[in-house]
Amino acid sequence: MAKGEVKLLGSWPSPYVMRARIALNLKSVEYEFLEEKLGVKSELLLKSNPVHKKIPVLLHHSKPICESLVIVQYIDEVWSSGPAILPSDPYDRAVARFWASYVDEKFFPALRALPMAQGKEAMEAAMHPVKEGLALLEDAYANHSKGGPFFGGGQISYLDVAFGCFLGVIRVSEKVTGVALINEHTTPGLAGWAEEFCAHPAVEDVMPDTDKLTEFINRIIKMKSQSPN
Ligand SMILES: N[C@@H](CCC(=O)N[C@@H](CS)C(=O)NCC(=O)O)C(=O)O
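Everything numeric here is computed off the predicted structure, so don't read it as measured data. (Residues numbered from 1 in each chain as written. Predicted model: local features only at pLDDT ≥ 70, side-chain atom pairs only at ≥ 80, totals over all residues. Heavy atoms only, no water.)

(A) Molecular detail of the overall build of the chain. Scanning the chain from N- to C-terminus turns up nine helices and four strands. Moving toward the C terminus, one meets the helices and strands of the chain in the order β-α-β-α-β-β-α-α-α-α-α-α-α. Relative to the 2.2 N^0.38 estimate, which gives 17 Å for 229 residues, the radius of gyration of the chain is 18 Å and therefore close to what a compact globule would have. On the principal axes, the C-alpha backbone points of the chain span a range of 55 × 45 × 25 Å. Put simply, the chain has 229 residues, and 48% of those count as buried. Looking at the chain alone, contacts between residues at least 24 apart form 68% of all its contacts between residues at least 6 apart. (Helix = DSSP H or I, 4+ residues; strand = E, 2+ residues; numbered from the N terminus. Rg over C-alpha atoms; globule rule 2.2 N^0.38 Å. Buried < 20%, exposed > 50% of the residue type's maximum accessible area, 1.4 Å probe, protein only. Contact = heavy atoms within 4.5 Å.)

Here's what the structure looks like:
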């Protein structure tokens with residue numbers, strides 16, 4: 001199959017969409033970005049992802065691929081001549097997939113609740129699982145980065161993309177709570193990693209500005225509080 005004709009259905013604030021964009025950038029794949037409007041699902045989205053109706057959706061020669069981590073793996077397999085995203089060693093690959101799944105199933109749900117917590121007590125309760133998750137990820141970084149700047153060692157790989165896409169939301173949470181969640185004292189490995197990750201050429205243009213993302217998240221929180229169902 002020719003490698004051209006790549007479109008991505010997404011939205012700028014979405015961390016999941018960012019995963020696909022970073023993977024495409026890592027492989028230097030040109031693509032058309034089709035921005036979905038907040039609160040409106042396009043016909044193309046509904047047709048392309050009828051099961052979850054969520055972004056991102058990658059369209060490769062009009063064929064849809066859904067779920068951000070599936071998309072990252074697809075990009076890695078199709079554009080295999082570019083730098084590998086999944087680790088080549090089966091054990092390293094299993095470890096990276098384990099932590100990516102931890103990040104989606106445990107860490108992000110906890111992080112997402114943080115900016116919504118109202119009052120000191122609720123904030124402290126919401127902060128606890130986030131700090132716990134970051135401590136686990138700090139250990140994972142120490143154990144698997146092999147002394148390199150990234151989870152994948154010397155170069156960005158699967159877990160960097162899977163976890164790094166949430167740095168924007170982490171920064172918003174830090175701004176809203178006034179607590180440095182990733183810092184030199186409690187998570188020194190992650191502090192250095194976050195800096196390297198955000199400065200990477202495949203990432204810097206797709207990582208949202210913290211003030212703009214804060215404004216967006218505040219708008220969502222307000223919308224949800226006005227119509228909780
Ligand atoms: N597990 C999905 C999650 C995707 C997801 O939650 N996307 C959000 C945007 S960040 C979405 O489309 N939300 C719209 C909705 O829930 O209706 C993935 O990894 O792609």
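Text resumes after the structure shown.
(B) Fine view of the UniProt feature "domain: GST C-terminal" (unreviewed entry) in the chain. UniProt records the feature "domain: GST C-terminal" (unreviewed entry) for residues 89-216 in the present numbering. What you have in residues 89-216 is 67% helix and 0% strand, and the ends, taken at the C-alpha atoms, are 40 Å apart. (UniProt positions renumbered as here; feature names shortened; annotations may be inferred.)

(C) Quick peek at the pairing of strand S4 (residues 63-66). As judged from the four bridges shared by strand S3 (residues 57-60) and S4, these two strands associate in the antiparallel manner. Following the sheet pairing, Val-57 is matched in S4 by Cys-66. In this structure, the hairpin formed by S3 and S4 is closed by a connection of two residues, where His-61 is found at a positive phi of approximately 50°. (Pairing = 2+ DSSP bridges.)

(D) Layout of the packing of helix H7 (residues 167-177) against helix H9 (residues 210-226). For the pair H7 and H9, interaxial distance at closest approach is 9 Å and the crossing angle is 80°. The orientation of H7 relative to H9 falls into the category roughly perpendicular. From H7, Gly-168, Val-169, Arg-171, Val-172, Lys-175 and Val-176 reach across to H9, where they touch Thr-210, Asp-211, Leu-213, Thr-214 and Ile-217. Residue classes in the contact of H7 with H9 are distributed as five nonpolar, three polar and three charged. (Axes fitted to C-alpha atoms, helices over the stretch in contact; angles between N-to-C directions. Parallel < 35°, antiparallel > 145°, perpendicular 65-115°, else oblique. Nonpolar A, V, L, I, M, F, W, Y, C, P; charged D, E, K, R; others polar.)

(E) Structural detail: the pairing of strand S1 (residues 6-10). Among the five residues of S1, four are classified as buried, and the element is accordingly described as predominantly covered. Strand direction decides the pairing type here: S1 and S3, joined by four bridges, are antiparallel. If you follow Val-6 over to S3, its bridge partner there is His-60. Regarding the hand of the β-α-β motif, the stretch spanning S1, helix H1 (residues 15-26) and strand S2 (residues 32-35) is right-handed. (Right-handed = clockwise from strand over helix to strand, strands pointing away.)

(F) Here's a closer look at the pattern of salt bridges. What the rule picks out here adds up to five salt bridges. Lys-27 is paired through a salt bridge with Asp-76; the nearest N and O atoms lie 2.9 Å apart. Taken together, the residues Lys-27 in the loop between H1 and S2 and Asp-76 in helix H3 (residues 68-78) connect sequence positions 49 residues apart. Owing to a relative accessible area of 8%, Lys-27 belongs among the buried residues under this scheme. Given the relative accessible area of 11%, Asp-76 is considered buried. (Salt bridge = Lys/Arg side-chain N within 4 Å of Asp/Glu carboxyl O.)

(G) Spotlight on helix H5 (residues 120-144). Across its 25 residues, H5 extends 36 Å between first and last C-alpha, which sits within 8% of the 36 Å expected from 1.5 Å per residue. At Met-127, H5 is bent by approximately 25°, the largest bend along its length, and proline Pro-129 sits one to four residues beyond. Along H5, the residues classified as buried are Met-123, Ala-126, Met-127, Val-130, Gly-133, Leu-134, Leu-137, Glu-138, Ala-140 and Tyr-141. Taken together, the buried residues of H5 touch helix H4 (90-113), helix H6 (158-164), H7 and helix H8 (188-199). Backbone geometry just after H5 places Lys-146 at a positive phi near 55°. (Expected span 1.5 Å × (residues − 1). Bend = angle between axes of the 7 residues up to and from the residue.)

(H) Expanded view of unusual backbone geometry. Omega for the bond connecting Ile-55 with Pro-56 falls within 30 degrees of zero, at 5°, which places this linkage in the cis form. With respect to the helices, strands and loops of the structure, Pro-56 is situated in the loop between helix H2 (43-48) and S3. Even without a glycine there, the phi angle at Lys-53 is positive, about 55°. Tracing the sequence through the fold places Lys-53 in the loop between H2 and S3. Taking the relative accessible area as the measure of exposure, Lys-53 reaches 36% and is therefore partly exposed.

(I) How the structure looks around the domain arrangement of the chain. The assigned domain composition of the chain is domain 1 (6-78) and domain 2 (90-214). Domain 1 puts 13 residues into the contact, and the matching count from domain 2 is 20 residues. Here domain 1 meets domain 2 over a buried area of about 1600 Å², counting both sides, of which 72% is carbon and sulfur. Broken down residue by residue, the surface that domain 1 buries against domain 2 is led by Trp-12, Met-18 and Arg-19, which jointly contribute 35%. For the pair domain 1 and domain 2, the number of links is one salt bridge. The salt bridge involving Arg-19 is made with Asp-104; its shortest N-O contact spans 2.7 Å. At the junction of domain 1 with domain 2, the criterion picks out five residue pairs in polar contact (both at pLDDT 80 or more). A class-by-class count of the residues in the side of domain 1 that touches domain 2 yields nine nonpolar, two polar and two charged. (Domains from an automatic or database assignment. Buried area = accessible area lost by both parts, 1.4 Å probe. Polar contact = N/O pair within 3.5 Å; in protein donor to acceptor, adjacent residues only side chain to side chain.)

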